[in-house]
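# Structural description and commentary
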Amino acid sequence: MTIRTREPENLVRDHGLDLRLLHPWPGLDTPFRGAWCVLRPGDVTDAHAHHEREIFIVMSGRAEVVCKGRRHALAAGDIAVMKGGVEHHVVNEHDEDFSYYAIWWGPDMSAEFLALQPDPTP
């Protein structure tokens, strides 16, 4: 078993929020990427779109994700799933931190992961 903590003291400011890339790390290859994300009160992430699909798993707080111009409320325990190619951003207009784990994946990441796997045929 390998455990990697979220290491809140090692968050970096980028894309309008504090984050830490957690997946992959040396010795652990995956067909997806993941980051621990924290929006402080008043934070707004950069609006962006990408070809990968993405999931937000909300750990604490409240915020709104804006997708295709519509605001969707998120709170602790919620999961948001976005298709690739859709512009989105997250807004925290509340008085507490909003923390979530973002996971994204696409065909390129899967192909890269599979290329690193040993050949299963003897």
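Here the structure is shown first, and the text comes after it.
Now for a quick tour of the structure. Just so it is clear, the structure is predicted and the values come from calculations on it, not from any experiment. (Residues numbered from 1 in each chain as written. Predicted model: local features only at pLDDT ≥ 70, side-chain atom pairs only at ≥ 80, totals over all residues. Heavy atoms only, no water.)

## Some remarks on the sheet that holds strand β5 (residues 62-67)
Strand pairing in a sheet is mediated by backbone hydrogen bonds. Such pairs are either parallel or antiparallel. Strand order in the open sheet formed by three strands is β6-β5-β8, with antiparallel pairing between adjacent strands. In this open sheet, the two edge strands, each paired with only one partner strand, are β6 (70-75) and β8 (88-91). The average angle at which neighbouring strand axes cross in this sheet is 25 degrees, direction not considered. Where β5 and β6 come together, six bridges link them in antiparallel fashion. Within the sheet, the bridge partner assigned to Val66 lies in β6 and is Arg71. (Pairing = 2+ DSSP bridges. Helix = DSSP H or I, 4+ residues; strand = E, 2+ residues; numbered from the N terminus. Axes fitted to C-alpha atoms, helices over the stretch in contact; angles between N-to-C directions.)

## Observations regarding the layout of surface pockets
When its volume is computed, the largest pocket comes out at roughly 330 Å³. Surrounding the largest pocket, 19 residues form its lining, His15, Leu19, His48, Glu54 and Trp104 being those nearest its centre. Broken down by secondary-structure element, the contributors of at least two residues to the lining of the largest pocket are β2 (17-23), β3 (33-39), β4 (53-60), β8 and β9 (98-105). (1 Å grid on protein atoms, 1.4 Å probe; cavity = no way out; pocket = protein on both sides within 12 Å on 5 of 7 lines; lining within 4 Å. Points joined across faces, edges and corners; volume = space filled by probe spheres on them.)

## Re unusual backbone geometry
Phi at His15 is positive, roughly 60 degrees, even though this residue is not glycine. Note that His15 resides in the loop between β1 (12-14) and β2. Taking relative accessible area as the criterion, His15 reaches 45% and is therefore assigned partly exposed. Phi at Lys68 takes a positive value of approximately 55 degrees, unusual for a residue other than glycine. Structurally, Lys68 can be placed in the loop between β5 and β6. A residue is classified by how much of its surface remains accessible, and Lys68, at 70% relative accessible area, is exposed. (Buried < 20%, exposed > 50% of the residue type's maximum accessible area, 1.4 Å probe, protein only.)

## Side note on the sheet that holds β3
Ordered by their spatial adjacency, six strands build an open sheet running β1-β2-β3-β9-β4-β7, and the pairing between neighbours is antiparallel. In this open sheet, the two edge strands, each paired with only one partner strand, are β1 and β7 (79-82). Geometrically, the sheet is characterised by an average inter-axis angle of 30 degrees between neighbouring strands, direction not taken into account. With seven bridges joining them, β4 and β9 adopt antiparallel strand pairing. Bridged to Ile55 within β9 is Ile103.

## Re the nonpolar core
With 18 residues, the main nonpolar core has Cys37, Phe56, Leu74, Val90, Phe98 and Tyr100 as its most contacted residues. Listed by contribution, the elements that provide at least two residues to this core are β2, β3, β4, β5, β7 and β9. Not counting chain neighbours up to four residues away, the residues in contact with Val90 comprise Leu39, Asp43, Val44, Thr45, Phe56, Ala63, Glu64, Val65, Phe98 and Tyr100. Counting residues in hydrophobic clusters, the runner-up holds six residues, among them Leu11, Leu22, Trp36 and Tyr101. (Core = buried A, V, L, I, M, F, W, Y, C linked by side-chain atoms within 4.5 Å. Contact = heavy atoms within 4.5 Å.)

## Let's talk about the packing of aromatic side chains
Applying the stated criterion across every chain yields a total of two aromatic pairs. Measuring from ring centre to ring centre gives 4.6 Å for Phe56 and Tyr100, while their planes differ by 50 degrees; the resulting arrangement is tilted. Remark: Tyr100 occurs in strand β9 and Phe56 occurs in strand β4; sequence separation between them is 44 residues. Residue classification places Tyr100 among the buried residues on the basis of a relative accessible area of 4%. With a centroid separation of 5.4 Å and an interplanar angle of 40 degrees, the aromatic rings of Phe98 and Tyr100 are classed as tilted. Taking relative accessible area as the criterion, Phe98 reaches 0% and is therefore assigned buried. Among the aromatic residues, ring-to-ring pairing joins Phe56, Phe98 and Tyr100 into one connected group. (Phe/Tyr/Trp six-rings, centres within 6.5 Å; stacked < 30°, edge-to-face > 60°.)

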